[in-house]
Amino acid sequence: MEAFTTHTGVGVPLRRSNVDTDQIIPAVYLKRVTRSGFEDGLFAAWRGDEQFVLNREPFRAGSVLVAGPDFGTGSSREHAVWALMDYGFRVVISSRFADIFRGNSGKQGLVAAQCEQSDVELLWKLLENEPGTEVTVDLTRNTVVAKDFTAPFTIDEYTRWRLLEGLDDIALTLRHADDIATFERNRPGWLPNTEPVPVS
Amino acid sequence: MSRTLAEKVWEAHVVRHGTGAEPDLLYIDLHLLHEVTSPQAFDGLRQAGRPLRRPDLTIATEDHNVPTVDIELPIADPVSRTQVETLRKNCADFGVRLHPMGDAEQGIVHVVGPQLGLTQPGMTVVCGDSHTSTHGAFGALAFGIGTSEVEHVMATQTLPLKPFKTMAITVDGTLRPGVTAKDVILAVIARIGTGGGQGYVLEYRGSAIEALSMEARMTVCNMSIEAGARAGMIAPDQTTFDYLRGRPHAPSGADWDTAVEYWKSLRTDEGAEFDAEVHLDADDLTPFVTWGTNPGQGLPLSASVPDPEAIVDENERVAAEKALSYMGLTAGTPLRDIHVDTVFLGSCTNGRIEDLRAAADVLRGHRVAEGVRMLVVPGSMRVRAQAEAEGLHEVFLAAGAEWRQAGCSMCLGMNPDQLKPGERSASTSNRNFEGRQGKGGRTHLVSPLVAAATAVRGTLSSPADLV
Ligand code: SF4
C-alpha cells in the first residue's frame, strides 16, 4: 500500500446525502474477479446524466470528492473503494461515513476525512463558485485547505498512522503469529469445524 | 464488572489487546465465503504466497448470482459464470468445503450456516456480506467485512478491530396477529434511522423478542445493517438450544452439555450498561412497508405516502422528494392503493421455511392477481426440499406463483431475476435502494404475509384485507 502524507487535487462537490454503495458502484460490476479497472462502474447510474458533476469539466479530473452525510452506507462491497480509487480519487470528505466503508477505505489507502457538515457546505459553495479549485488534504496535520478555506478533519488515529506509513494489514497481524497459535490451542474442543459430517 | 452480551463474546475472542490507538486482535470462529467478495481475496493470498490458515473454519456456497431456473445448464451470463467457476477453482486449490449450485446444501450463505448448525452462540462469524448480522440471532457476534478483511481472515483467522458500542433495543409486549419480525425490524429502522445504529452492536431484547422463533430472530438481526449497525444479537435461550440440537455441526453427547452450560452464561448481566437504549411496544406495531428508497423510509400499511413538505430536516426532505420521484409516488396516496407488478418472496431476510409457510397459508385458496408475477425463491435447497415435503410448492404453483431454485435472486438482481425499469415490487428482501432489484426498479419492503396478500390483491395489502 502506498503511503499517504498529503494530496492536492481538483475538488468535486457531490451534493447528495446517503450515497450508498449501490450508487457508488452498482451490483452488476461486482461480478468481476479482478482487482482493478472498476472506474467505469463508479456512480454508473448517474454518469448517464450529462449534468452529473463528473461529466462536467473541470470536475472530470477530480481527485478529492466532497459528499453529503452518510456516505458509503449499504452493502459492504469493497469495490466501492476500488471504483473511487481506480477513477483517481484519493480522498473523500463527508460529515459522516458508514462504518464498513470507512474501514475499507483505510485499508486500501483512500482517505475518508470527516469534516463538520458546515465546513462541507462551505467547501461545496467554493467548489461550485470556482470550479476546478484544488483541495489539499494534509494527513500530517489533519487539515483540508482550498484557497483561503481551511478546516480540520478527523480520522481515527490507528488508520491515520497506517496510511502515513503505508502499512499492509496482514503483515502487521502476522507479527503476532505466536499469540494466534496460543489462542488456537486454548479454544474449546466442541466448537464446530466445517469438515463435512455424515447426515444421519 | 457487569458486561453486555456483545462484550462477553468480544472478550472471549481477544487474541491480543491493542495498546493506544491500536485495535484488538479478534479470533474468528467461522468464515463464510461466496462467489462475489472472495475472488480478489484468494487472488491476494496467491500474490503474497500466503496459505489459507484454517480451511476447517471456512465454508463456501454459491448464492449471489446463481440462476434460479434451469440450473443444470451452464450459467448464461459470462460474468456470473466466471465468478462461480473462480470460486470452484479457489475452493479446490485452497481446500475449502463448497456447496455448489444444485447441491443439497447450497443456498444463501446466511441460511446455510445456521441450518447446518455451524452458527452457534458465542461464536464470532464473518463473511464478505453485510447481512452476516443474521447469525447474531444465535447470540453470535457476526458481522460483514470487506474483501481485504476477507483476505485478512483467510491469512490469519483474525481481524484487528475496535470494540463496537452497544445499543439495547427492547421490544416488550405481544405482537398482534399478522405482525411479524419483519414489521418489528422495519419499525426499528424507521425509528432510529438508517444511520442510527452506526458503530453499534444492537442487542434485541424484551418479551416480544424472546417469544420469536429462531427464523424470526434471524429476520430481525438480518436487517440490523439497514439501521446502520455493524451487528445485531439476541441472547441464546431454550429456543436457540432447541433449534441447534441435532443439527449436523452442533455439539453432541457430553460436548452438548458443556456447550449449553457455556451458552447459558451468554446474557447481558444485570446492571450492565448500554451506550444507548431504545424501547418499542410490540402491541403498537402493525404491518409495516417502505415507501421510499432507503429502509428507514417506512410506515404502517394503513398510512399514506408522506408529504415531503411536512418534513422539517432539510436533508431528509430532499431525500424524500428524490425518493418519491424515483418511486413514482404522489404524497397522500394511501399505501394500500399502490399497485405492484412483482412480488418477491425470498432472500436471507425472509427465505426460510417459516416464511414460506406463512406466505403459503395466506395464498391457499387464492390466486395471484391478474398482471402480477410472484417469485418464490427458497433461501436454500434444504428449505426448498422441506417446503416440497410439506406440499408448500403446490400451494404456490396453484396460486400461479413461480417456484424457483435457491439463491439471492431478485434481492439484488445479479442473476436474471430483475425488475424492468419502472416496475414495482413488494419484496421480502432487505434493501429498497434505487436500482437494487434491477435498473429503474421500484421496491417496497414487506413481510412474507404482506407479500402474499399483496400478490392476491395486486396492491399493497395485509392478510386482513383478504376476507
Ligand atoms: S439474499 Fe440479498 S441480502 Fe442476503 S446475502 Fe443474498 S444478496 Fe445479500
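Residues numbered from 1 in each chain as written. Chains lettered and ligands numbered in written order. Predicted model: local features only at pLDDT ≥ 70, side-chain atom pairs only at ≥ 80, totals over all residues. Heavy atoms only, no water.

### Quick word on the UniProt feature "domain: Aconitase A/isopropylmalate dehydratase small subunit swivel" (unreviewed entry) in chain A
Part 1 of the reasoning: UniProt records the feature "domain: Aconitase A/isopropylmalate dehydratase small subunit swivel" (unreviewed entry) for residues 1-115 of chain A in the present numbering.
Part 2 of the reasoning: Secondary structure across residues 1-115 of chain A comprises 23% helix and 18% strand; the distance between its end C-alpha atoms is 25 Å. (UniProt positions renumbered as here; feature names shortened; annotations may be inferred. Helix = DSSP H or I, 4+ residues; strand = E, 2+ residues; numbered from the N terminus.)

### Looking at the interface of chain A and chain B
Part 1 of the reasoning: With 59 residues of chain A at the contact, the number on the chain B side is 76 residues.
Part 2 of the reasoning: Together chain A and chain B conceal approximately 5,400 Å² of surface at their shared face, both sides included; 57% is due to carbon and sulfur atoms.
Part 3 of the reasoning: On the chain A side of the interface with chain B, the three residues burying the most area are Lys31, Trp190 and Thr194 of chain A, jointly 16% of the side's total.
Part 4 of the reasoning: Connecting chain A to chain B are six salt bridges.
Part 5 of the reasoning: One salt bridge in this structure joins Arg187 of chain A and Asp29 of chain B, with 2.7 Å as the shortest N-O distance.
Part 6 of the reasoning: Counting every contact that joins chain A to chain B gives 19 residue pairs in polar contact (both at pLDDT 80 or more).
Part 7 of the reasoning: For the side of chain A that touches chain B, the secondary structure elements donating two or more residues are helix H1 (21-24), helix H3 (79-87), helix H4 (99-108), helix H6 (157-165), helix H7 (169-174) and helix H8 (177-185) of chain A. (Contact = heavy atoms within 4.5 Å. Buried area = accessible area lost by both parts, 1.4 Å probe. Salt bridge = Lys/Arg side-chain N within 4 Å of Asp/Glu carboxyl O. Polar contact = N/O pair within 3.5 Å; in protein donor to acceptor, adjacent residues only side chain to side chain.)

### With respect to the site of the ligand
Residue and element names in this part refer to chain B.
Part 1 of the reasoning: Every residue near the ligand is listed here: His64, Ile108, His110, Asp129, His131, Ser347, Cys348, Cys408, Cys411, Leu412, Asn430 and Arg436.
Part 2 of the reasoning: A class-by-class count of the residues in the shell around the ligand yields five nonpolar, five polar and two charged.
Part 3 of the reasoning: Counting only domains with at least three residues in the shell around the ligand, you end up with domain 1 (5-161) and domain 3 (334-465). (Near = heavy atom within 4 Å. Nonpolar A, V, L, I, M, F, W, Y, C, P; charged D, E, K, R; others polar. Domains from an automatic or database assignment.)

### Here we look at the environment of Ser36 of chain A
All names here are of chain A.
Part 1 of the reasoning: Along the chain, Ser36 falls in the loop between H1 and helix H2 (44-47).
Part 2 of the reasoning: Given a relative accessible area of 49%, Ser36 falls into the partly exposed group.
Part 3 of the reasoning: Remark: the alpha-carbon pair of Ser36 and Phe52, spanning 16 residues in sequence, is separated by 24 Å. (Buried < 20%, exposed > 50% of the residue type's maximum accessible area, 1.4 Å probe, protein only.)

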